[in-house]
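Spelled out from the first residue to the last, the chains are:
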2 protein chains.
Amino acid sequence: MSPFHDVKTLVTNADALIYCIDMKDQQHYIPARRDIMEAAQVIEGMVHKTPVMTSRLIDEIAGKTCFFKMENFQRTGSFKIRGATFAVEGLPDEEAEAGTVTHSSGNHGQALARASQQRGFPCCIVMPHTAPPEKCDAVRTYGGKIVFCEPTMASREEVTSQVIEKTGAVFIHPYDDGRIISGQATCAVELLKQVNDLDAVVAPVGGGGLLSGTALAVRYTDPSVTVIGAEPEQADDAYRSLHSGAVCRDLNPQTLADGLRGYLSDLTFSIINDHVHEIVRITEQEIISAMKLIWQRMKVVIEPSAAVPAAAVLFRKLPVEGKRIGIILTGGNVSLSSLPWM
Amino acid sequence: MSPFHDVKTLVTNADALIYCIDMKDQQHYIPARRDIMEAAQVIEGMVHKTPVMTSRLIDEIAGKTCFFKMENFQRTGSFKIRGATFAVEGLPDEEAEAGTVTHSSGNHGQALARASQQRGFPCCIVMPHTAPPEKCDAVRTYGGKIVFCEPTMASREEVTSQVIEKTGAVFIHPYDDGRIISGQATCAVELLKQVNDLDAVVAPVGGGGLLSGTALAVRYTDPSVTVIGAEPEQADDAYRSLHSGAVCRDLNPQTLADGLRGYLSDLTFSIINDHVHEIVRITEQEIISAMKLIWQRMKVVIEPSAAVPAAAVLFRKLPVEGKRIGIILTGGNVSLSSLPWM
């Protein structure tokens, strides 16, 4: 394991501040090939090996041959269960008995609840009281306990700190964690086994856990494949980070793609900066159109965040010559009562 | 081939009246095992071999192990392409040069257009002028020409007759045709190959093409499997037909499941009467709930008609002891702008 963060870089990462006291150094490193292969081995049978789908009509629109990795069919409805399962499975009994905790109003919360439930550990998810009831129900379905906070980053962190102090629970960050990145990387490992001769892989980027894991998996498996990130134009902090050479942190970006509102950590920035070819930006209208088209033509439910990489191919934004493109459709957790095209 | 209809029974079938003059006797028979196997062979590679999906959560709700045959992923978005392809592929060149015609505002229209396009024949679909624009667009996508009529059965038949007279096009009935039934039967043939030891198979019933094909496929392949039909309570003519021993014809049933508004023909009635164990009835509210649950939990888009057999298991309506149930999710063509739970 190659330690990556020192105290100085940690302190520049607002997300890390609250738990840097009991920081486990080994959680902050760029995963090596063996970490990712270990993750693939550990989670095998605990998460789904999701299928790859194709569509003649989508290919015609995109002018490429598209291979969609269907993580919307994944357990808990998104790829997040990969990283959460690997992180939780690796916790020593004595450390995890007090349970796990994270702050998330989305897929990482459900995933951590489920992964903890599988090991029989309690799990506490700190969520803003404004979170939609579906998301709360989903966390509870997997045995997670919800502690509500105000819908601000400060309140999330404060309440999470209180939970840690009170219960001794282990904090599992949604992406700023080498174990999480290793787990998310297994998605691309599978995809590269399922489809030969890919020219590029496209993944969305929010906090960068999936994109950095994807980039490492590709780097270790077949470095000839180009890795592209896709990001909402209205939450394009990763794009600006890459182009300015320093992490940009937007605290409250407005995009439909609620899974992509996070910003990079120093760890994910470093990996993406080194191994991702380009980040392309997608407008809100393109997100909606791509999402609707995938539902209509492929008959699958994907969430707005998953529509972002789909839009990158559908609107022909990829800066690659090659024809064979892998696209990670990250999740399908969406409120069916309020669809963005209605 | 065993001829089934004589002129007398044909005349009792309103749908058949308009084209009984040039009726091809060989189209009106109960398919034999060899017909269904021929259909499977002919359409192989021309239609998708659709996957089977499972869901732990759905199984918990249903109290059964459910194997969903995903015909929503089929070409043209429904199983109808199976029968249409087999029927069109079997037409002699000289007969089909003038094209094909049918009246349908739904999936059979799209399927016939696509099947005809594949052979390079013109296709004309008679549709009520009230048909939603999405359905018209879909027919045109596959090169079909639309001729509009009034939204009554009389007008549909009259306009269809005019097309036949004017163009010499071959009429392909949506279900009252042994070739169509043989084609639809291939879905269950595949399912029985994909899943071992099924206790029952559930298919929806409208005109009865799919259900009668399913019943025959099961009968010829593994007669120990029970075949159940699922029908909207508000369009329960097949249920009443089976229980009264004579075909009931409701001309204008009101159900969300627009693919199931047809009524049995003498041919489909006869097959269903002999080989289907029972027809269970599903309320509109159950259709909506099942449809929403499948979208939410399985992340797939199914149309209301496909939700009918799903509801049969989800609401525990199946009169079978066995645990392993195959469910045909027939299609996914739905207007995303007006969902029934909104």
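Starting afresh in each chain, residues are numbered from 1 along the sequence in its written order. The order in which chains are written sets their letters, starting at A; the order in which ligands are written sets their numbers, starting at 1. Local features in a predicted model are, by the rule used here, given only for residues with pLDDT of at least 70; side-chain atom pairs are given and counted only at 80 or more, and totals for whole chains, interfaces and linings are based on all residues. With hydrogens and water stripped out, all remaining heavy atoms of the structure feed into the side-chain values.

### With respect to the domain arrangement of chain A
All names here are of chain A.
Stage number 1. Each domain span listed reflects an automatic or database assignment of domains. Entries for chain A in the domain assignment read domain 1 (24–77 + 181–329) and domain 2 (80–171).
Stage number 2. Averaged C-alpha coordinates put domain 1 and domain 2 at centres separated by 24 Å.
Stage number 3. Any pair of residues with heavy atoms lying within 4.5 Å of one another is described as a contacting pair. Counting residues at the interface gives 24 residues for domain 1 and 16 residues for domain 2.
Stage number 4. Defined in terms of a 1.4 Å probe, buried area is the accessible area two parts forfeit on being brought together, summed over both. The contact between domain 1 and domain 2 buries some 1,600 Å² in all, and 56% of this surface belongs to carbon and sulfur atoms.
Stage number 5. Sorting the residues of domain 1 by area buried against domain 2 places M46, T76 and Q184 first, and these three jointly supply 38% of that buried surface.
Stage number 6. Throughout this description, the term salt bridge denotes a Lys or Arg side-chain nitrogen within 4 Å of a carboxyl oxygen of Asp or Glu. Our count for the contact surface shared by domain 1 and domain 2 stands at three salt bridges.
Stage number 7. As a salt-bridge pair, E190 and R82 come within 3.1 Å of each other at their nearest N and O atoms.
Stage number 8. Polar contact is defined as a pair of N or O atoms within 3.5 Å, subject to the rule that within protein one atom must be able to donate a hydrogen and the other to accept it, and that residues adjacent in sequence are counted only when both atoms are side-chain atoms. At the junction of domain 1 with domain 2, the criterion picks out six residue pairs in polar contact (both at pLDDT 80 or more).
Stage number 9. Mapped by element, the contributors of at least two residues to the side of domain 1 that touches domain 2 are α3 (33–43) and α10 (178–194). Only DSSP runs of H or I covering at least 4 residues are called helices, and only runs of E covering at least 2 are called strands; the numbering of each starts at the N terminus.

### Concerning the sheet that holds strand β8 (residues 170–171) of chain A
All names here are of chain A.
Stage number 1. By the convention used here, strands pair only if DSSP detects at least 2 bridges between them. On the basis of which strands lie adjacent, the open sheet formed by four strands has the order β7-β6-β5-β8 and parallel pairing. Looking along the sheet, the strands with just one partner apiece sit at the ends: β7 (145–149) and β8.
Stage number 2. One ladder, built from five bridges, connects strand β6 (residues 123–128) with β7; its direction is parallel. Bridge pairing in β7 links M127 to F148.
Stage number 3. To obtain an axis, a line is fitted to C-alpha atoms, over the contacting stretch when the element is a helix, and the angle between two such axes runs from 0 to 180 degrees between their N-to-C directions. Across the face of the sheet, helix α8 (residues 133–141) comes into contact with β6 and β7 while running at roughly 145 degrees to β7.

### A word on the relation of the copies chain A and chain B
Stage number 1. With an RMSD of 0.0 Å, the fit of chain A onto chain B corresponds to turning through 180 degrees and sliding 0.0 Å along the axis. The two molecules are tied by a two-fold rotation axis, judged by turn and shift. For chain A, the smallest separation between a C-alpha atom and the rotation axis is recorded for A:V300, amounting to 2.1 Å.
Stage number 2. By residue overlap, the copies meet face to face through one surface: 96% of the interface positions of chain A are interface positions in chain B. A residue counts toward the fit only if its pLDDT is at least 70 in both copies, and the copies are then superposed by least squares on the C-alpha atoms of those residues.

### Section: the side chain of B:H108
Residues and elements named next belong to chain B.
Stage number 1. Position of H108 among the secondary structure elements: in helix α7 (residues 107–119).
Stage number 2. Burial classes: relative accessible area under 20% of the type maximum marks a residue as buried, over 50% as exposed, and values in between as partly exposed (1.4 Å probe, protein chains only). Classification of H108 by relative accessible area gives buried; the value is 3%.
Stage number 3. A polar contact is formed between the side chain of H108 and the backbone oxygen of I172, at a distance of 3.0 Å.
Stage number 4. If sequence neighbours within four positions are ignored, H108 has contacts with K80, T102, I172, H173, P174 and I180.

### What about the sheet that holds strand β8 (residues 170–171) of chain B?
Strand pairing in a sheet takes place through backbone hydrogen bonds and is either antiparallel or parallel in direction.
All names here are of chain B.
Stage number 1. Spatially, the four strands line up as an open sheet ordered β7-β6-β5-β8, and their pairing is parallel. Whereas interior strands pair on both sides, the edge strands pair on one side only; in this sheet they are β7 (145–149) and β8.
Stage number 2. Relative to strand β6 (residues 123–128), strand β5 (residues 100–103) runs parallel, the two being bridged by four bridges. By the bridge assignment for β6, H103 is matched with V126.
Stage number 3. Helix α8 (residues 133–141) rests against β6 and β7 of the sheet, and its axis sits at about 145 degrees to β7.

### Some points on the interface of chain A and chain B
Stage number 1. Every contact between the two is made by 24 residues of chain A and, on the other side, 23 residues of chain B.
Stage number 2. Taken as a group, A:K299, A:L336 and A:M342 account for 35% of the area that chain A buries against chain B, more than any other trio of residues on that side.
Stage number 3. Counting across the interface, chain A meets chain B through zero salt bridges.
Stage number 4. Our enumeration of links across chain A and chain B arrives at eight residue pairs in polar contact (both at pLDDT 80 or more).
Stage number 5. Among the elements that line the side of chain A that touches chain B, the one with the most residues is helix α14 (residues 284–298) of chain A, at five residues.

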